[in-house]
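# Residue-level structural notes
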Amino acid sequence: MQIRKTMFLIIVALLLIMVIAAPAMAAKPSAPPGKTITGGSFWAGSTTGSYAYSWIATHPIYYPEEKEGVSPPTAAGEFGNTYGRNIRELSFDEMQASNVTLQGTVTMRDIGPWEETSYFEVGLGGSLNSWHQHFGSLDGSVYVIFLANNQGGYNIHVQDYATHYPGSGAVYSTMGTPGDDPVPPATFHFVVRFDLDNRLAYLTVDGVSVDPVSFGKTILAPDGVMTEEVFDVPIGVFAGMVSTDTDNTGRVSMSALKVKM
């Protein structure tokens, strides 16, 4: 009789534990598919009068395999990345999220100083330096660029197309020994918030915030009218490396990239 009573009490206790634990188990934090892009590495460089590139992009900027190569196709150059298709399933539009935050850590090495250099970009929209837009010429693109400078350090800032550089107050810069080639390896943790409503980007590198940067260029639309880029279309996240370097193969490793909307 005592054994039965003890067994009954044990069963009741176990049921109570399961009932109490169920909400906690259901509330266990998780990373929904696509909200974190798996970490990996990129490399590109040692070109011969051309450029090499390698990038990955989430949906809807879809490629059957990782996008990589050299231009022109007949030029020599090293390129590649370690990413697979597990980073594809993420896209959003301005109706879903007016603010998008990207956060990660990158380590750069074998990066030559500007101008013949390899550099790394991570951002929203099209692809490296906005050279490619998936849907059309009006689709917006904005990104953080990491590149070596002539002071033996690195410059990190937000831009939205090639050659559109912000003021010095919006650039996170480090210094080293001028003339170093390649520039010594360095690791940076960055957080960037893109305000898609007001077209402002807020960048913090290693805990230091720089001036906000406005983005969204005015471009010539197919109808011949000067028109602002649009961000209320499906937008992906991309990261990648491009190189015009002739004597180094730049390499960048990136931690898992957190995407918050």
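Conventions adopted
- Residues take numbers from 1 onward in each chain, read along the sequence in its written order.
- Totals for whole chains, interfaces and linings use all residues, but because this is a predicted model, local features are given only for residues with pLDDT of at least 70 and pairs of side-chain atoms are given and counted only at 80 or more.
- Values reported for side chains reflect all heavy atoms of the structure, with hydrogen atoms and water molecules removed beforehand.
- Each helix corresponds to a stretch of at least 4 residues labelled H or I by DSSP, and each strand to a stretch of at least 2 residues labelled E; elements are numbered beginning at the N terminus.
- Only heavy atoms enter the contact rule, under which two residues are in contact if any of them lie within 4.5 Å.
- All accessible-area figures derive from a Shrake-Rupley calculation using a 1.4 Å probe, and residue coverage is judged against the displayed protein chains alone.
- Buried Ala, Val, Leu, Ile, Met, Phe, Trp, Tyr and Cys residues that are joined via side-chain atoms within 4.5 Å together make up what is termed a nonpolar core.
- Three exposure classes are used, based on accessible area relative to the maximum for each residue type with a 1.4 Å probe and protein chains only: buried under 20%, partly exposed in between, and exposed over 50%.
- For this analysis, a salt bridge means a side-chain nitrogen from Lys or Arg found within 4 Å of a carboxyl oxygen belonging to Asp or Glu.
- Pairs of N or O atoms within 3.5 Å make up the polar contacts considered here, provided that, within protein, one atom can donate a hydrogen while the other can accept it, and that residues adjacent in sequence are counted only when both atoms are side-chain atoms.
- The pairing test for Phe, Tyr and Trp rings, Trp by its six-membered ring, is centres within 6.5 Å, and the orientation test on the planes gives stacked under 30 degrees, edge-to-face over 60, and tilted for anything in between.

Per the secondary structure count, the protein chain includes one helix and 19 strands. Contacts in the protein chain between residues at least 24 apart in sequence constitute 70% of all its contacts with a sequence separation of at least 6. Of the roughly 13,000 Å² that the protein chain leaves accessible, carbon and sulfur atoms contribute 59%.

Another aspect to go through is the nonpolar core. Within the largest apolar cluster, 46 residues are counted, with the highest numbers of intra-cluster contacts made by Leu102, Phe120, Phe146, Phe190 and Phe194. The biggest single contributor to this core is strand 11 (residues 186-195), with five residues. Setting aside its immediate chain neighbours within four residues, Leu102 contacts Val122, Gly123, Leu124, Phe190, Val191, Val192, Phe194, Val237, Leu257, Lys258 and Val259.

This part is about the environment of Phe231. Of note, Phe231 is situated in the loop between strand 16 (226-228) and strand 17 (237-243). What makes Phe231 buried here is its relative accessible area of 1%. Remark: the alpha-carbon pair of Phe231 and Ser141, spanning 90 residues in sequence, is separated by 8.0 Å.

Now for the pattern of salt bridges. Per the stated rule, a full pass over the model turns up one salt bridge. Of the charged contacts, one joins Arg109 and Asp110 as a salt bridge, the two residues approaching to 3.7 Å between their closest N and O atoms.

Counting through the fold element by element, Ser243 comes out in strand 17. A relative accessible area of 0% places Ser243 in the buried class. Engagement of the side chain of Ser243 in a polar contact is seen with the backbone nitrogen of Asp245, the distance being 3.1 Å. Not counting residues up to four positions away in its chain, the partners in contact with Ser243 are Ala44, Gly45, Ser46, Thr47, Ser50, Tyr51, Ala52, Thr117 and Ser118.

Across all of its chains, the model carries twelve aromatic pairs by this definition. With centroids separated by 5.1 Å and ring planes inclined at 35°, the aromatic side chains of Phe42 and Tyr83 adopt a geometry described as tilted. On the criterion of sequence distance, the pair formed by Phe42 in strand 2 (residues 40-45) and Tyr83 in the loop between strand 5 (78-81) and strand 6 (99-109) is long-range, its members being 41 residues apart. A relative accessible area of 0% means that Phe42 is categorised as buried. Ring geometry for Phe120 and Phe146: centres 5.9 Å apart, planes at 50°, overall tilted. Separated by 26 residues along the polypeptide, Phe120 in strand 7 (residues 118-124) and Phe146 in strand 8 (residues 142-148) bring together distant segments of the chain. Take Phe120: its relative accessible area is 0%, and that puts it in the buried class. For Phe146, a relative accessible area of 0% puts it in the buried group. Ring-pair connections join several aromatic residues into one group, and the members of that group are Phe42, Tyr83, Phe120, Phe146 and Phe190.

This brings us to the side chain of His157. When you line up the elements, His157 lands in strand 9 (residues 154-159). Setting aside residues up to four positions removed in sequence, His157 forms contacts with Tyr143, Val144, Ile145, Leu147, Tyr165, Pro166, Ala170, Val171 and Leu203.

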